[in-house]
Amino acid sequence: MPADVHQHLWPAQFTDLLRTRRTPPRLDGWTLHLPGEPPYAVDPADHDPAARTELARADGLDRALICLSGPLGIEHLPPAEAVPLLDAFHEGALALPAPFGVWASPCLTAPDPGRAPVVHLLRRGCAGLQLPATALLDAVGWARCARLIDAAEDADRPLFVHPGAAPPSPPGGPAWWPALVPYLQQLHAAWFAFRAFGRPRHPRLRVCFAALAGLAPLHGERLAARGGRDRGRVDPGVFYDTSSYGTRAVDAVVRAVGIDAVVSGSDRPYAVPEVPDLGAAAVHALRTANPARLLGPAKGTRP
């Protein structure tokens, strides 16, 4: 079953709520306003379920997982603002036709985030738990999210780590600054924090980092030079999606962690899927064999 573990599609009820907001994140028509990024013109066709279904079929996908756009920062809004948006996103995403599935995104600002919202969403059919990297940058973040992650681990569902909201870009900075600087810095920090703090707490957890974890696995030599004694250890429960990267970057990460750790993720519609020029066996691993091991058998029921 060829799979893409990382796509974005906003259901209509979700975009309608974004248009009612007067502060970012908000939509003005189809122009997206975020605190740390310049206004972004959204193409309505990118969020048309019928058009996206045809596109997924043209890509040969049997499974395409939709995730909340972490850079919107919705998970970090006050609960009264976050919960209606999250409910609208999940309701719409869970109602999408095949081949779409969805990652579960909980509100992170409750005084004591617990397991119940994640358990509920997983039972409804979500493929796993998604958290923004900004929530997992250090020991405090992994501890605060521990019970949310416990719910996924206990259900044998994976965690997907996606970039979160970006701080304001430097004055006069280029439009690509957030995607190339803070997004990748967040993924680096979350990846190292998982090694130091997440894995000891969650020994059975399967976790996938978006965008090859910002190429964090390539820093193994520096990790060893600065005291990382387990440089050569490859964690079989850690995966990396290929979104926004091509053959050279994918090949470099494969050399660092092995072909079994890399899965196909496009970040569509923000990037065009690229099939790495690594041979048919490698492409089969990225699109089919490895996503199957990451996601595990299908669980839950769809409404």
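What this report covers is the structure whose coordinates are included nearby.

**Focus: the environment of A289**
- Relative to the assigned elements, A289 resides in helix α11 (residues 280–295).
- The sequence separation of A289 and A82 amounts to 207 residues, and the corresponding C-alpha distance is 35 Å.

**Comments concerning α11**
- Taking 1.5 Å of rise per residue, the 16 residues of α11 would be expected to cover 22 Å, and the 22 Å separating its terminal C-alpha atoms lies within 8% of that figure.
- Approximately 45 degrees is the largest bend angle found in α11, and it occurs at L286.
- All of the buried residues in α11 are A282, A285, L286, T288, N290, P291, L294 and L295.
- Its buried side turned inward, α11 meets β1 (3–7), β5 (63–66), β9 (207–209), β10 (238–241), α10 (247–257) and β11 (262–263).
- Immediately downstream of α11, the backbone of G296 shows phi near 75 degrees, a positive value.

**Here's the deal with the sheet that holds strand β2 (residues 26–28)**
- The sheet built from 3 strands is open, its strands ordered β2-β3-β4 with antiparallel pairing. Edge positions in the sheet fall to β2 and β4 (37–41), since each has one partner strand and no second. Averaged over all adjacent pairs, the angle separating strand axes in this sheet is 25 degrees, with direction ignored.
- Alignment of β2 against strand β3 (residues 31–34), held across 3 bridges, turns out to be antiparallel. Along β3, the bridge assignment pairs D28 with T31.

**Details of the packing of helix α1 (residues 12–20) against helix α3 (residues 79–94)**
- Across the interface, α1 lies against α3 with an axial gap of 7 Å and an inter-helix angle of 155 degrees. Of the possible angle classes, the one that applies to α1 and α3 is roughly antiparallel. Contact with α1, carried on its side by Q13, F14, L17 and L18, involves P84, L85, A88, F89, E91 and G92 of α3 and no other residues of that element.
- Across the contact of α1 with α3, the residue classes tally to 7 nonpolar, 2 polar and 1 charged.

**Concerning the layout of surface pockets**
- Within this model, the largest pocket holds a volume of roughly 680 Å³.
- In terms of lining, the largest pocket is formed by 29 residues, of which the most central are E37, A179, Y183, D267 and Y270.
- Sorting the residues of the lining of the largest pocket by element identifies β3, β4, α7 (177–180) and α8 (182–201) as the ones contributing at least two each.
- Tallied by class, residues from the lining of the largest pocket come to 20 nonpolar, 7 polar and 2 charged.

**Some points on the packing of aromatic side chains**
- The full count for this structure, using the stated rule, is 9 aromatic pairs.
- Between W103 and F160, the ring centres sit 5.1 Å apart and the planes meet at 20 degrees, which makes this aromatic pair stacked. Of this pair, W103 sits in the loop between β6 (100–102) and α4 (116–124) while F160 sits in strand β8 (residues 159–162), and the two are 57 residues apart along the sequence.
- Owing to a relative accessible area of 0%, W103 belongs among the buried residues under this scheme.
- Residue class for F160 comes out buried when judged on its relative accessible area of 0%.
- In this structure, R19 is placed above the aromatic ring of W30, and the distance from its NZ or CZ to the ring centre is 4.6 Å.

**Examining the environment of L212**
- Secondary-structure assignment places L212 in the loop between β9 and α9 (220–225).
- With 46 residues separating them in the primary sequence, L212 and G258 have C-alpha atoms 13 Å apart.
- Residues contacting L212, with those up to four places away along its chain left out, are P217, Y240, D241, T242, Y245, A249, V250, V253 and V262.

**Description of the state of the cysteines**
- As enumerated under the stated definition, the model contains 0 disulfides in all.
- Unpaired in this structure, C107 has its nearest cysteine sulfur neighbour in C145, at a distance of 11 Å.

**Section: the nonpolar core**
- Counting 70 residues, the largest nonpolar core has F14, L136, L159 and F209 as the members making the most contacts within it.
- The element contributing the most residues to this core is α3, with 7 residues.
- Apart from the residues lying within four places of it in its own chain, the contact partners of F14 are L68, L72, I74, L85, A88 and F89.
- Ranked by size, the runner-up nonpolar core spans 12 residues in total, among them F160, C208, V263 and L294.

**A few points about the packing of α4 against helix α6 (residues 146–154)**
- α6 packs onto α4 with a crossing angle of 30 degrees between their chain directions and a minimal axis gap of 8 Å. Between α4 and α6, the crossing angle belongs to the class labelled roughly parallel. The chirality of how α4 crosses α6 is right-handed. Within the contact between the two elements, α4 uses V118, V119 and L122 and α6 uses L148, A151 and A152.
- When grouped by side-chain class, the residues that make up the contact of α4 with α6 number 6 nonpolar, no polar and no charged.

Calculation criteria
- Residues numbered from 1 in each chain as written.
- Predicted model: local features only at pLDDT ≥ 70, side-chain atom pairs only at ≥ 80, totals over all residues.
- Heavy atoms only, no water.
- Helix = DSSP H or I, 4+ residues; strand = E, 2+ residues; numbered from the N terminus.
- Expected span 1.5 Å × (residues − 1).
- Bend = angle between axes of the 7 residues up to and from the residue.
- Buried < 20%, exposed > 50% of the residue type's maximum accessible area, 1.4 Å probe, protein only.
- Contact = heavy atoms within 4.5 Å.
- Pairing = 2+ DSSP bridges.
- Axes fitted to C-alpha atoms, helices over the stretch in contact; angles between N-to-C directions.
- Parallel < 35°, antiparallel > 145°, perpendicular 65-115°, else oblique.
- Nonpolar A, V, L, I, M, F, W, Y, C, P; charged D, E, K, R; others polar.
- 1 Å grid on protein atoms, 1.4 Å probe; cavity = no way out; pocket = protein on both sides within 12 Å on 5 of 7 lines; lining within 4 Å.
- Points joined across faces, edges and corners; volume = space filled by probe spheres on them.
- Phe/Tyr/Trp six-rings, centres within 6.5 Å; stacked < 30°, edge-to-face > 60°.
- Lys NZ or Arg CZ within 6 Å of the ring centre and 35° of its normal.
- Disulfide = S-S within 2.5 Å.
- Core = buried A, V, L, I, M, F, W, Y, C linked by side-chain atoms within 4.5 Å.
- Left-handed = near helix turned anticlockwise from the far one by under 90°.

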